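# Structural overview
Each chain, letter by letter, is given below.
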Amino acid sequence: MRMIRTRVVFILTLAAASAARGQGGAPAAPRAVPILVRDVTLIDGTGAPPRAHMDMLIDRGRIAAIAPAAAGPAADSVIDGRGLYAIPGLIDAHVHLGTDPWAQRAADLERALQGGVTSVFDLAGDARATGDLQRAVLAGQLAGPHVYYVALFGGPRFFTDPRTVDASRGFAPGAAPWMQAVTDTTDVRQAIAVARGTGATGIKLYAALDSLEDARLTAEAHRQGLRVIAHATTFPGRPGDLVAAGADMLAHAPYLVWQGSPRSDDYQGRARGDFAHVAADSPAITGLLRAMAARGVALNPTLWIFANELPRDSVSRLRTPWMYAVTREAQRLGVRIVAGTDEMIAPERDSLPILHDELEVLVRGAGLTPLQAITAGTANAAWAIGVDSLRGTLAVGKAADLVLLGGDPAADIRNTRAIRLVMQDGRVVRPR
Ligand SMILES: [Zn+2]
C-alpha cells in the first residue's frame, strides 16, 4: 500500500465527512474510521519546537498515535499534511456569551469554531443560557466550541450593576446560584456547593470582596474541585491578596496596577488605575509577579480589548504600554499566560474570532514568542478551565481538537489565520 497519498484522497475524505453529517446540519457521532494526518509539522501547544514530518492518527475522537511520517500506522482516511502546520484547537479563556437571542449566539459560536476556536471559557453570565449552549454543542445540535463557564461571586453592593440584574432574572440580584452575593456571614461551603451545581468548572471573584472573603471562597472552591478565577483586583481586595489566597488566575493585566496603590472600594474605576505613578517594573509589581510565578497563579491579560475597545484618552495612553510591559515581565518571570479576549468575536469587523488578534498582540505588544502565544491560547487556556487532562495539547490520549494551518505560526503568529482545516473531537468541522 502506498504510504503517501494525494490531495485527491484528502478531498474525498472531506466529502465523506460532510455526507456523514445528520439531517438539519446536526453533526454525526465521532467517526468510527480512524483518520491519519500524514506528514504534518506538529506544534503541540506545550511550547516545544515544531516537529516536521510527523504523522498523527486520530481514532474515536482522540489522538491515538504520533510518530515520524511514513513510520506510523496506516488508516482508511488520510489528510495530506504536507506543507501544513498542526496546532491544538484554539481556546479563548475569557468570553461572555451573554443573553442575546439564541440565533445570534449560535451564529457567533459557529463562526468561532470555523475560525479555529474549539473551546471557550465563559467568565460570567447567566449560567442557564451558557449551560444550554454547552449542552447543545455536546448533543450535536449546535456547531460551536465546547463551552465551559464559571459562577460569579461579589459583595452585595455589586448586585446593583445592571449586568448582574440581567444575568439573574427570576432571582433577586445576588441570589442566583451562578451569581451570588457574599458577606462575612455567608455559609461559604453551601454557597460554593450551589455554584458547583450550576455545572460551572470554576468560580469568579469579581468585585466588592475583601481579602478575607477572597481567601475563604478560594479555599472552599478548591476543596470542592473548582478553579478560582478573579478580576485581578476585587475592590478592596488587591492582587497580592488573591495570590496569597491561592487563586488560579487573575484576569486583566491593567488591574495589577492596584497592587501599587492604596486600597479602593470603587470597582467602577477598575480600568483607570494610577499607571502614571506605579511603574510596571516597580518593586510592588515585580514582587507581585514573582509571587504569582512562585504560587502558580496565571495571568489572563486580555490585551486586545483594552487596546481596542475602551475609549482612547489620557488613561489609555499610559495603560496600553503599561499592560504590555507587565505582561512581558510576567512571561519572563515564569507566570503562566492565558489568552482570552473578553469578547470572542465581532463579525462586523472580522469573520475570524478575536483570539487571533489577542495572540498577535501578545507577540507584538507584550513580546511573547509566537510559540509562547500559541501555548497561551491552547495548553494554558485548557489549564485555566481545568480541562488540561483532555484538551489543549497535541499528545496521545488527548481529544483530537486541532487546526491545520497553511503557514508557520512559529515564524509569524499571523499564520494562525491561515486556516485550512479545523477538527474537534476527531471530527472535521472545516471545511464542511
Ligand atoms: Zn470579562
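Residues numbered from 1 in each chain as written. Predicted model: local features only at pLDDT ≥ 70, side-chain atom pairs only at ≥ 80, totals over all residues. Heavy atoms only, no water.

## Let's talk about the coordination of the zinc ion
Distances from the zinc ion to its protein donors, His-94 (NE2), His-96 (NE2) and Asp-342 (OD), fall within 2.0 to 2.2 Å. The class for His-96 is partly exposed, based on a relative accessible area of 32%. (Donors = N, O, S within 2.8 Å, 3.2 Å for Na, K, Ca; no water. Buried < 20%, exposed > 50% of the residue type's maximum accessible area, 1.4 Å probe, protein only.)

## Describing the confidence of the model for the protein
Per-residue confidence for the protein gives a mean pLDDT of 91; residues scoring 70 or more make up 92%. Confidence drops under a pLDDT of 50 for residues 1–28, and excluding neighbours within four residues, the segment shows 36 contacts in the predicted structure. (pLDDT = per-residue confidence, 0-100. Contact = heavy atoms within 4.5 Å.)

## Structural notes on the packing of aromatic side chains
Summed over the entire model, instances satisfying the criterion amount to 8 aromatic pairs. Among the aromatic residues, ring-to-ring pairing joins Phe-158, Phe-159, Tyr-206 and Tyr-267 into one connected group. If you follow Arg-227 out to its NZ or CZ, it ends over the ring of Trp-383, 4.6 Å from the centre. Taking NZ or CZ as reference, Arg-336 lies 3.9 Å from the ring centre of Trp-383, over its face. (Phe/Tyr/Trp six-rings, centres within 6.5 Å; stacked < 30°, edge-to-face > 60°. Lys NZ or Arg CZ within 6 Å of the ring centre and 35° of its normal.)

## Considering the packing of helix H2 (residues 102–114) against helix H3 (residues 127–138)
Close contact between H2 and H3 brings their axes to 12 Å; oriented N to C, the two are set at 50 degrees. Taken together, the axis directions place H2 and H3 in an arrangement best described as oblique. Viewed along their axes, H2 and H3 form a crossing whose handedness is right-handed. Between H2 and H3, the contacting residues are Trp-102, Arg-105 and Leu-109 on the first element and Ala-129, Asp-132, Leu-133 and Ala-136 on the second. Among the residues making up the contact of H2 with H3, the classes are represented as 5 nonpolar, no polar and 2 charged. (Axes fitted to C-alpha atoms, helices over the stretch in contact; angles between N-to-C directions. Helix = DSSP H or I, 4+ residues; strand = E, 2+ residues; numbered from the N terminus. Parallel < 35°, antiparallel > 145°, perpendicular 65-115°, else oblique. Left-handed = near helix turned anticlockwise from the far one by under 90°. Nonpolar A, V, L, I, M, F, W, Y, C, P; charged D, E, K, R; others polar.)

## Quick notes on the nonpolar core
Membership of the largest hydrophobic core comes to 122 residues, with the highest contact counts inside it found for Ile-203, Leu-250, Leu-256 and Met-292. Among the domains, domain 1 (7–88 + 395–430) and domain 2 (90–385) are the pair contributing at least three residues each to this core. Apart from residues no more than four positions distant in its own chain, Leu-256 is found in contact with Ala-232, Pro-239, Leu-250, Ile-285, Leu-288, Leu-289, Met-292, Leu-299, Trp-322 and Val-326. In this structure, Val-40, Ile-58, Leu-402 and Leu-404 belong to the second largest nonpolar core, which totals 18 residues. (Core = buried A, V, L, I, M, F, W, Y, C linked by side-chain atoms within 4.5 Å. Domains from an automatic or database assignment.)

## Examining the layout of surface pockets
There is about 630 Å³ of room inside the largest pocket. Together, 29 residues line the largest pocket, and His-96, Ala-124, Arg-163, Tyr-206 and Asp-342 are the ones closest to its centre. Only helix H4 (162–166) and helix H9 (303–308) provide two or more residues apiece to the lining of the largest pocket. If you tally residues by element for the lining of the largest pocket, the top one is H4, at 3 residues. By residue class, the composition of the lining of the largest pocket is 12 nonpolar, 9 polar and 8 charged. (1 Å grid on protein atoms, 1.4 Å probe; cavity = no way out; pocket = protein on both sides within 12 Å on 5 of 7 lines; lining within 4 Å. Points joined across faces, edges and corners; volume = space filled by probe spheres on them.)

## Notes on the pattern of salt bridges
A side chain with one charge may pair with a side chain of the opposite charge, provided their charged atoms come close. Applying the stated criterion across every chain, the model contains 23 salt bridges. Residue Asp-166 pairs with Arg-169 through a salt bridge whose shortest N-O separation is 2.9 Å. Judged by its relative accessible area of 28%, Asp-166 falls in the partly exposed class. A salt bridge links Arg-272 to Asp-313, with the shortest nitrogen-to-oxygen separation between them at 3.0 Å. Of this pair, Arg-272 sits in the loop between strand E13 (249–251) and helix H8 (283–295) while Asp-313 sits in the loop between H9 and helix H10 (314–333), and the two are 41 residues apart along the sequence. (Salt bridge = Lys/Arg side-chain N within 4 Å of Asp/Glu carboxyl O.)

## Considerations on H3
Helix length check: H3 (12 residues) gives 16 Å between terminal C-alpha atoms against 16 Å at 1.5 Å per residue, within 8%. Residues of H3 that are buried make contact with H2, strand E7 (117–122) and strand E8 (146–154). Looking at the residues trailing H3, positive phi occurs at Gly-140, about 75 degrees. (Expected span 1.5 Å × (residues − 1).)

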